Amino acid sequence: MSHYCLVVDLDRCFGCHACEVACKNENGIALGEYWNRVIQVGPHGTFPDLEQYWLPVQCQQCEDAPCVHVCPTGASYRDADGKVLVDKEKCIGCKYCMMACPYGVRSWNAAEKAVEKCTLCGHLTAAGEQPACVASCCASARFYGDLDDPESDVSKAIAAADASSVHSLKDVGNKPATRYILSKKIATWHDVDEISPASDSADPAWFAKEA
Amino acid sequence: MEIQWSLVLFTALTGLAGWLFVCVAVDEFLGRAKKASFPAAVVSIVVAIVGGLASVTHLSHPDRIMGALSHPTSGIFVEAVLIGCLIVCVAVYLVLLKRGAGVGARKAVAVVGAVFGVLLSFMAGESYLMSARPNWNTQLLPLGYLLTVAPAGIAAYLTVVAAVAGKGAGEAAGKDAAASLELKPYPMALLVAGVLSAVGVLAYTLSAGASDGAAFGLLALAVIAGGVVPCVAGALLPKKPESLLALAAASCVCALVGAIAYRCIMWVVTVPVADLFMTVI
């Protein structure tokens with residue numbers, strides 16, 4: 001089975017949030033909700049020896065996806081290409097998948113009263129285009145493709161990186177497929193359970209201003 | 001995470017209904033309060049239905065609920081099947097009672113229903129075991145779900161017994177009737193269930209790591225209301241049979257409050273591996 005996912009080169013990412021904005025525009029995501037979000041990790045260390053990196057997060061296309069296991073209706077499912085997707089027409093809104101996602105990267109669509117998440121822009125990739133976040137990345141830090149295909153962009157990006165620089169979000173048995181490239185020369189990788197997500201939009205006052 | 005009241009009430013009420021029917025099933029064998037069997041089973045089925053409806057209020061699309069039957073491995077599917085089986089068993093039991101069916105058939109249906117009732121109270125908690133939430137991911141959680149509703153169910157049964165015994169017979173006669181019911185096994189069961197409930201609550205909450213005032217407040221409520229009160233009532237009942245209705249009703253209310261408090265603890269203390277979108281569920 002193919003294994004489509006994203007690979008993000010954090011050595012290149014400089015936290016412009018363009019992928020976040022492009023995702024919201026492409027998929028019509030409501031204010032305050034995300035399918036893709038850029039998390040600021042750090043700064044860590046002692047001045048002047050500080051480290052910081054940006055971690056764009058979205059559905060990790062887990063190999064053993066807990067959201068699919070807990071969904072009572074099959075609304076969260078794996079398609080023929082191996083992609084974890086949500087069929088909103090089947091969602092009963094129990095939110096068990098949101099509780100079961102180890103990374104909290106699912107969103108609630110209040111208008112449709114259904115759970116949703118990154119689709120890897122299936123409507124674009126089916127037409128031979130790149131996902132919106134990949135196409136909009138001005139640092140060329142994002143790659144999309146099949147991990148099982150050595151000729152795919154994701155496989156090439158991973159192959160080009162030093163093995164010690166390739167990371168994934170903390171695996172609690174779900175086997176996340178998304179890979180992050182972060183070399184020691186840029187920053188030390190931190191597991192997601194060790195970081196406190198920080199961004200402008202974490203501040204309620206920011207939301208009030210935006211609204 | 002915010003307390004999901006629909007799920008709290010669903011698991012507490014269906015658990016109470018299940019354990020209430022366990023008492024009905026036990027009395028099929030003990031025969032201490034035969035007159036209470038019918039009303040107790042009616043209360044059980046009504047509470048189970050109300051509990052089931054409470055769970056539906058959690059859903060944003062209850063119109064698609066039948067889709068839940070399409071994925072047999074999910075926790076919601078198991079809960080739905082168990083509550084359905086419990087309700088069917090209690091309904092069949094009521095029909096058998098009304099028609100004066102054979103004791104063997106009644107016993108068989110009551111035992112099967114009781115098994116579903118106990119399983120339901122456990123599996124309602126089992127559904128929350130997920131690796132994404134480390135302090136839910138312990139068998140102590142569903143064990144607490146099971147243990148905290150046991151005193152509520154037993155006390156509810158004794159309340160029905162007391163109400164039936166006193167009905168239409170005058171207060172004095174009611175006291176006599178209550179005293180003559182030879183209910184000894186039930187107060188003892190209430191006492192033991194109260195102790196086990198308190199132990200279950202403490203075991204899970206301490207393992208989960210209650211860390212703030214709200215969690216400790218709920219812990220105290222769950223232990224005192226859900227464990228100590230039923231335990232004390234169970235100890236007092238053999239000495240004060242004339243107070244059966246008051247003690248049983250008070251125990252039932254307190255045990256239910258304790259069971260609800262225990263379920264609230266779970267929502268208050270949960271910490272996901274990561275909450276990268278910082279979503280309020």
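Residues numbered from 1 in each chain as written. Chains lettered and ligands numbered in written order. Predicted model: local features only at pLDDT ≥ 70, side-chain atom pairs only at ≥ 80, totals over all residues. Heavy atoms only, no water.

1. Quick notes on the interface of chain B and chain A
Interface size is often expressed as the accessible area that is lost when the parts come together. The interface is formed by 32 residues belonging to chain B together with 43 residues belonging to chain A. Taking both sides of the interface into account, the surface hidden between chain B and chain A amounts to around 3,000 Å²; carbon and sulfur atoms contribute 64%. Applying the counting rule to chain B against chain A returns zero salt bridges. The interface formed by chain B and chain A includes 17 residue pairs in polar contact (both at pLDDT 80 or more). Grouping the constituent residues of the side of chain B that touches chain A by class yields 17 nonpolar, 11 polar and four charged. (Contact = heavy atoms within 4.5 Å. Buried area = accessible area lost by both parts, 1.4 Å probe. Salt bridge = Lys/Arg side-chain N within 4 Å of Asp/Glu carboxyl O. Polar contact = N/O pair within 3.5 Å; in protein donor to acceptor, adjacent residues only side chain to side chain. Nonpolar A, V, L, I, M, F, W, Y, C, P; charged D, E, K, R; others polar.)

2. Brief notes about the sheet that holds strand β1 (residues 4-9) of chain A
Residues and elements named next belong to chain A. In space, the four strands of this open sheet follow the order β8-β1-β10-β9, with mixed pairing throughout. In this open sheet, the two edge strands, each paired with only one partner strand, are β8 (142-146) and β9 (166-167). Looking at chain direction, β1 and strand β10 (residues 179-181) are connected through three bridges and run parallel. Bridge pairing in β10 links Val8 to Tyr180. (Pairing = 2+ DSSP bridges. Helix = DSSP H or I, 4+ residues; strand = E, 2+ residues; numbered from the N terminus.)

3. Section: a nonpolar patch on the surface
All names here are of chain B. Taken together, Phe29, Val111, Val115 and Leu119 make up a surface patch of nonpolar side chains, about 330 Å² in accessible area. Ranked by the residues each element gives to the nonpolar patch, the list is headed by helix α4 (residues 103-126), at three residues. Considering the arrangement of structural elements, one finds Leu119 in helix α4. Leu119 sits in the partly exposed class, given a relative accessible area of 37%. (Patch = residues over 30% accessible without salt bridge, like charges linked within 9 Å, V, L, I, M, F, W, Y side chains within 5 Å. Areas by Shrake-Rupley, 256 points an atom, 1.4 Å probe, with all protein chains shown as cover. Buried < 20%, exposed > 50% of the residue type's maximum accessible area, 1.4 Å probe, protein only.)

4. Considerations on unusual backbone geometry
All names here are of chain A. Cis peptide bonds are those with omega within 30 degrees of zero, and the linkage from Gly42 to Pro43 qualifies with 5°. One can find Pro43 in strand β2 (residues 36-46). With an omega dihedral of 5°, the bond running from Phe47 to Pro48 counts as a cis peptide bond. Of note, Pro48 is situated in the loop between β2 and β3 (49-58). At Gln61, a position not held by glycine, the phi torsion is positive, near 50°.

5. What to know about the state of the cysteines
Residues and elements named next belong to chain A. Throughout the structure, instances matching the rule amount to zero disulfides over all chains. Considering cysteine sulfurs only, Cys62 is the nearest to Cys101, which forms no disulfide, with 6.7 Å between them. Judged by relative accessible area, which is 9%, Cys101 ranks as buried. (Disulfide = S-S within 2.5 Å.)

6. Regarding the UniProt feature "transmembrane region" (unreviewed entry) in chain B
What UniProt calls "transmembrane region" (unreviewed entry) maps, in this numbering, to residues 6-26, 38-56, 76-96, 108-125, 145-165, 186-207, 213-237 and 244-269 of chain B. As annotated, residues 186-207 of chain B comprises 100% helix and 0% strand, and the C-alpha atoms at either end are separated by 31 Å. (UniProt positions renumbered as here; feature names shortened; annotations may be inferred.)

7. Focus on the packing of helix α1 (residues 5-30) of chain B against helix α2 (residues 37-56) of chain B
Residues and elements named next belong to chain B. At a minimum axis distance of 8 Å, the contact between α1 and α2 shows a crossing angle of 160°. Judged by the angle between their axes, α1 and α2 are roughly antiparallel. By crossing handedness, the relation of α1 to α2 is classed as left-handed. Facing Ser6, Leu9, Phe10, Leu13, Thr14, Leu16, Ala17, Leu20, Phe21 and Val24 of α1, the residues of α2 in contact are Ser37, Ala40, Ala41, Val43, Ser44, Val47, Ala48, Val50, Gly51, Gly52, Ala54 and Ser55. Along the lines of polarity and charge, the residues of the contact of α1 with α2 split into 15 nonpolar, seven polar and no charged. (Axes fitted to C-alpha atoms, helices over the stretch in contact; angles between N-to-C directions. Parallel < 35°, antiparallel > 145°, perpendicular 65-115°, else oblique. Left-handed = near helix turned anticlockwise from the far one by under 90°.)

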